[in-house]
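Single-letter residue listing:
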Amino acid sequence: MEQHYLDTLARFICDARLTDLDEATLRHGRWVIADSIPVVAAGMQVPEMKTFASNHLAQAAAGHAWVLGTGQRAAPLDAGLLNGSAGCWLELDEGNQFAKGHPGIQVVPAALAVAQETGASGADLLLATILGYEVSSRINRAGNMRLSIHPHGTYGVIGAAIAVGKLRGLDATRMRDLISMSATMGMSTSRNTLLEGSTVRNIYTGHSAYMGQIAARMAQAGFKGERDGVESVYGKGVVSDSYDAASVMHALGQEWLITMGYFKLHPTGRYVHTAIDALEDALAQVGGRLDAGSVERIDVKGYRLAAMLNGKAITTSFGGRFSIPFALATILHHGHSGLLPFEDAAVANTDVQALVQRVYVEEDAAYTAVYPGLQRCDVTIRFKDGRPPLVGHCEMTKGEHSRPHTQQELQEKFMSLGNPIWGESVTSRLFDACMRIEAISDMREFSKGYTL
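Summary of the structure given here.

**Description of unusual backbone geometry**
Moving on, step 1. Here Y371 and P372 are connected by a cis peptide whose omega angle stands at 5°.
Moving on, step 2. Take P372: it is sitting in the loop between α19 (365-370) and β7 (377-383).
Moving on, step 3. Despite not being glycine, E91 shows a phi value in the positive range, around 60°.
Moving on, step 4. Positionally, E91 belongs in the loop between α4 (76-87) and α5 (104-118).
Moving on, step 5. Positive phi outside glycine occurs at A251, with the angle close to 55°.
Moving on, step 6. Tracing the backbone through its elements, the reader meets A251 in the loop between α12 (245-249) and α13 (270-283).

As structure tokens, this is what we get:
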């Protein structure tokens with residue numbers, strides 16, 4: 001009788017060693033961890049998140065895990081919940097088009113917290129993170145999640161659970177149950193939260209970190225899952241009507257989806273980045289900047305997922321991160337991208353809001369047809385004085401594996417987010433440690449050297 005694919009998958013996870021991975025996979029794994037840490041800390045500074053963290057920590061269990069951006073520590077469940085929730089607030093977290101979501105920010109908070117609590121090595125943390133990311137990404141790639149469902153808080157539970165299970169040393173039998181159980185422990189999430197700018201969406205990644213740890217505890221205690229809980233959820237109409245188990249196993253251990261992920265430099269939803277790239281292409285023709293007051297209108301043409309982000313009734317900072325009209329208007333007004341153009345003051349700026357109303361976004365069916373292989377978008381800026389319009393184009397969004405950001409750009413992002421919170425010296429030392437994470441022998445002892 002042929003072995004069930006979940007048995008094979010569980011054995012693969014349990015047997016995997018860091019020496020099995022090539023340098024490209026290891027390098028991307030380091031960057032997923034490194035990129036997540038200051039992104040979480042910066043997200044923790046948002047007023048709602050500061051209040052949530054303060055209230056939660058007042059009742060949280062003591063522990064060794066960083067609650068990043070607070071200077072406090074807590075038990076892994078509490079740290080995972082808070083760090084996971086903060087990690088996607090600013091929309092700067094890593095993502096993966098092939099995994100159809102953001103695996104990193106759902107795996108790292110749980111893995112980091114448990115590694116700090118147990119004293120696992122940096123090498124163990126790196127391996128667990130890569131495995132949780134890889135297997136959960138393959139599972140979601142194999143399904144066809146409904147567009148109405150937000151992918152955060154769904155397959156991320158599987159990724160967090162696998163990472164924690166690996167760190168906890170589960171055997172193959174319990175790892176198999178862990179995969180099956182965790183697949184059934186996701187949320188019924190709503191993609192509409194993005195279109196409305198609803199911040200409840202940010203708890204979804206915290207849920208993944210929390211419930212992934214709960215699933216691992218259940219597996220340790222001997223809880224049993226369905227024969228194939230993954231198939232039940234991803235193939236029988238719960239979140240998806242189709243699921244190809246064979247594709248989960250295709251080139252397992254040879255092709256690593258983590259190397260196909262992207263990193264963000266703009267604090268917006270991923271599909272907004274394509275329009276920003278097209279805007280930057282247009283602005284490059286006039287030295288990188290123009291007077292926003294001279295703009296009559298802006299026409300944007302893109303693929304369906306980008307065209308959906310066409311909202312103009314922007315009332316919150318979070319909502320502005322999922323609006324192409326707002327993103328283009330505020331970047332033109334401020335003359336640059338970054339955190340400032342997406343803060344509440346920018347949303348309240350009447351000049352920005354007036355320009356938002358003059359940005360028109362539509363789908364180009366031909367662009368949708370070639371997505372995600374090509375991520376095309378056109379931005380046409382028309383002027384009040386009748387001068388010839390500026391036209392910019394994006395073929396592939398910056399940050400994708402075929403058009404990656406440079407290491408210097410990613411390091412500058414790390415420093416720019418970390419410096420205001422921790423100071424330049426601590427931030428620089430932390431970055432260097434992340435880049436050589438395998439050299440850390442004990443994550444609990446290592447973490448004692450930092451108040452983050």
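**Considerations on the packing of helix α6 (residues 122-142) against helix α7 (residues 155-167)**
Each pair of packed helices gets described by two things: the angle between the helix axes and the distance between those axes.
Moving on, step 1. The geometry of α6 relative to α7 is characterised by a closest axis approach of 8 Å and an angle of 150° between their N-to-C directions. In this structure, the crossing between α6 and α7 has a hand that is right-handed. Two secondary-structure elements touch here, α6 through D124, L125, L127, A128, T129, L131, G132, V135, S136, S137, I139 and N140 and α7 through Y155, I158, G159, I162, A163, K166 and L167.

**Digging into the pairing of strand β5 (residues 295-302)**
Moving on, step 1. Looking at chain direction, β5 and β7 are connected through 7 bridges and run antiparallel. Bridge pairing in β7 links K301 to D378.
Moving on, step 2. Pairing of β5 with strand β6 (residues 359-363), which is carried by 5 bridges, proceeds in the parallel orientation. Bridged to G302 within β6 is E363.

**Focus: α5**
Counting along an α-helix, one turn takes 3.6 residues, and residues three or four places apart therefore face a common direction.
Moving on, step 1. Look at α5: 21 Å from first C-alpha to last across 15 residues, which is about the 21 Å you get at 1.5 Å a residue.
Moving on, step 2. Two residues or fewer after α5 comes G119, characterised by a positive phi angle close to 75°.

**A word on the packing of helix α2 (residues 23-43) against α5**
Moving on, step 1. At a minimum axis distance of 10 Å, the contact between α2 and α5 shows a crossing angle of 85°. As the angle between them shows, α2 and α5 are arranged roughly perpendicular. For the pair α2 and α5, the contacting residues are V32, I33, S36, I37 and V40 in the first and G104, I105, V108 and L112 in the second.
Moving on, step 2. Of the residues in the contact of α2 with α5, the class split is 7 nonpolar, 2 polar and no charged.

**Looking at the layout of surface pockets**
Moving on, step 1. Each pocket or cavity is described by its volume, and for the largest pocket that value is around 730 Å³.
Moving on, step 2. In terms of lining, the largest pocket is formed by 33 residues, of which the most central are L147, R191, Y271, L305 and Y371.
Moving on, step 3. Mapped by element, the contributors of at least two residues to the lining of the largest pocket are β3 (143-145), α9 (192-196), α13 and α14 (304-307).
Moving on, step 4. Taken together, 21 residues form the lining of the second largest pocket, with V46, P47, L90, S317 and R321 sitting closest to its centre.

**Points about the sheet that holds β7**
Moving on, step 1. Pairing is mixed in the open sheet, where 4 strands are placed in the order β6-β5-β7-β8. Whereas interior strands pair on both sides, the edge strands pair on one side only; in this sheet they are β6 and β8 (390-394). Ignoring strand direction, the axes of neighbouring strands in this sheet form an average angle of 15°.
Moving on, step 2. Set on the sheet, α13 makes contact with β5, β7 and β8; between it and β8 the angle comes to about 135°.

**Some words on the pattern of salt bridges**
Moving on, step 1. By the definition in use, this model includes 21 salt bridges.
Moving on, step 2. Across the salt bridge formed by E134 and R138, the nearest N and O atoms sit 2.7 Å from each other. In this pair, E134 and R138 both sit in helix α6, 4 residues apart, roughly one turn of the helix. Exposure class is identical for E134 and R138. Each is buried.
Moving on, step 3. For R270, the salt bridge goes to E400, with nearest N and O atoms at 3.5 Å. With R270 in helix α13 and E400 in the loop between β8 and α20 (407-422), this residue pair connects regions lying 130 residues apart in the sequence. Here the two residues R270 and E400 agree in accessibility, since each one is buried.
Moving on, step 4. Among the charged side chains, a network of salt bridges with common partners joins E23, R30 and E438.

The rules we used
- Residues numbered from 1 in each chain as written.
- Predicted model: local features only at pLDDT ≥ 70, side-chain atom pairs only at ≥ 80, totals over all residues.
- Heavy atoms only, no water.
- Helix = DSSP H or I, 4+ residues; strand = E, 2+ residues; numbered from the N terminus.
- Axes fitted to C-alpha atoms, helices over the stretch in contact; angles between N-to-C directions.
- Left-handed = near helix turned anticlockwise from the far one by under 90°.
- Contact = heavy atoms within 4.5 Å.
- Pairing = 2+ DSSP bridges.
- Expected span 1.5 Å × (residues − 1).
- Parallel < 35°, antiparallel > 145°, perpendicular 65-115°, else oblique.
- Nonpolar A, V, L, I, M, F, W, Y, C, P; charged D, E, K, R; others polar.
- 1 Å grid on protein atoms, 1.4 Å probe; cavity = no way out; pocket = protein on both sides within 12 Å on 5 of 7 lines; lining within 4 Å.
- Points joined across faces, edges and corners; volume = space filled by probe spheres on them.
- Salt bridge = Lys/Arg side-chain N within 4 Å of Asp/Glu carboxyl O.
- Buried < 20%, exposed > 50% of the residue type's maximum accessible area, 1.4 Å probe, protein only.

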